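# Structural overview
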Amino acid sequence: MADGTGPEAGGARDEVDRIVLAWQRERPDLDVLPLTVLSRVSRLARHLDLARRSAFARHDLETWEFDVLSALRRAGTPYQLSPGALLTQTLVTSGTMTNRIDRLVEHGLVRRLPSPDDRRGVLVQLTAEGLARVDAAFSDLLDVERGLLGDLGEEDRDRLAALLREVVAPFDQP
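The residue numbers shown here count from 1 along each chain, following its written sequence. Per-residue local features are limited, in this predicted model, to residues with pLDDT of at least 70; the limit for side-chain atom pairs, both in listing and counting, is 80 or more; totals at the level of whole chains, interfaces and linings are taken over all residues. Values reported for side chains reflect all heavy atoms of the structure, with hydrogen atoms and water molecules removed beforehand.

### Brief notes about the UniProt feature "domain: HTH marR-type" (unreviewed entry) in the protein chain
Cut-off, in case you're wondering: UniProt positions are given in the numbering used here, feature names are shortened, and annotations may be inferred rather than shown by experiment. Counting from the N terminus, the helices are DSSP H or I runs at least four residues long and the strands are E runs at least two residues long.
Within this numbering scheme, the UniProt entry marks residues 34–169 as carrying the feature "domain: HTH marR-type" (unreviewed entry). A helix fraction of 68% and a strand fraction of 9% characterise residues 34–169, whose end C-alpha atoms lie 18 Å from each other.

### Topic: the packing of helix α3 (residues 63–74) against helix α5 (residues 94–106)
This is how it is decided: Axis angles are defined between N-to-C directions and span 0 to 180 degrees, where every axis is a line fitted to C-alpha atoms and, for a helix, only to the segment in contact. Each angle gets one of four labels, with under 35 degrees taken as roughly parallel, over 145 as roughly antiparallel, 65 to 115 as roughly perpendicular, and the rest as oblique. Any two residues having at least one pair of non-hydrogen atoms within 4.5 Å are treated as being in contact. Under the grouping applied here, Gly and all other residues not named as nonpolar or charged are polar, the nonpolar ones being Ala, Val, Leu, Ile, Met, Phe, Trp, Tyr, Cys and Pro and the charged ones Asp, Glu, Lys and Arg.
Two elements in contact, α3 and α5, have axes whose closest approach is 11 Å; the angle formed by their N-to-C orientations is 90 degrees. Our classification of the angle between α3 and α5 gives roughly perpendicular. Contacts from Trp64, Glu65, Val68 and Leu69 in α3 reach Met97, Arg100, Arg103 and Leu104 in α5. Partitioning the contact of α3 with α5 into residue classes produces five nonpolar, no polar and three charged.

### Details of unusual backbone geometry
Convention followed: Burial status follows relative accessibility: with a 1.4 Å probe on protein chains alone, a residue under 20% of its type maximum counts as buried, one over 50% as exposed, and anything between as partly exposed.
Cis peptide bonds are those with omega within 30 degrees of zero, and the linkage from Thr77 to Pro78 qualifies with 10 degrees. The residue Pro78 is located in the loop between α3 and β1 (80–81) in this model. In this structure, Tyr79 takes a positive phi of about 55 degrees despite not being glycine. Summarising the element assignment, Tyr79 is placed in the loop between α3 and β1. The exposure class of Tyr79 is buried, given its relative accessible area of 17%. Of note in this structure, Leu91 is not a glycine but carries a positive phi near 55 degrees. Mapped onto the fold, Leu91 is located in the loop between α4 (83–90) and α5.

### A closer look at the layout of surface pockets
Rules: Method remark: on a 1 Å grid restricted to protein atoms, a set of points is classed as a cavity if a 1.4 Å probe fits but cannot get out and as a pocket if it is open with protein on both sides within 12 Å along at least five of seven lines; lining residues have an atom within 4 Å of a point. Grid points are joined across faces, edges and corners, and a volume is the space filled by probe spheres set on the points.
Approximately 1100 Å³ is the volume found for the largest pocket. The wall of the largest pocket is formed by 27 residues, among which Leu44, Leu149, Leu152, Leu160 and Leu164 lie closest to the centre. At the level of secondary structure, the elements contributing two or more residues to the lining of the largest pocket comprise α1 (15–26), α2 (34–57), α6 (128–148) and α7 (154–168). Across the lining of the largest pocket, the residue classes break down as 15 nonpolar, two polar and ten charged. Taken as a whole, the second largest pocket spans an internal volume of roughly 600 Å³. Lining of the second largest pocket is provided by 17 residues; of these, Leu48, Arg52, Asp67, Leu141 and Val168 occupy positions nearest its centre. Mapped by element, the contributors of at least two residues to the lining of the second largest pocket are α2, α3, α4 and α7. No other element matches the five residues that α3 contributes to the lining of the second largest pocket.

Laid out in structure tokens, this is it:
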């Protein structure tokens, strides 16, 4: 690390540094530097998943429920999408989406409406309860995520976001 406290200087500041030091000691023939980034991303993803689950649970939502409700919320008024559009945004199979919509209808968070463009099609729309819950959960989520970023300043957050975008973008290509 540039500050002289990382594995190359013999110091360890976090668990990943300790792991990297151990691998460098045990397998000096391998370049373990990808671990310095991707192991941290993996560990952060686990912490983020736990924090998100907790934020959503405070609003009586599962992660998958938030995913569907937030896709509808982002669509804007009248907060409705076709099941196909929901599939694209949530990356699940059509059978899974049908099951999810059924469960959200049972919980009163969405309703099915006939599609005006296709007699056989339907639209999924947020109910007032679904809108209130997703808005409250999203607000809570942002507070949690701000906390996870800790004391990073705006410039560091922007730089980190840009770097992560470069790594993630190829996976988001169709």
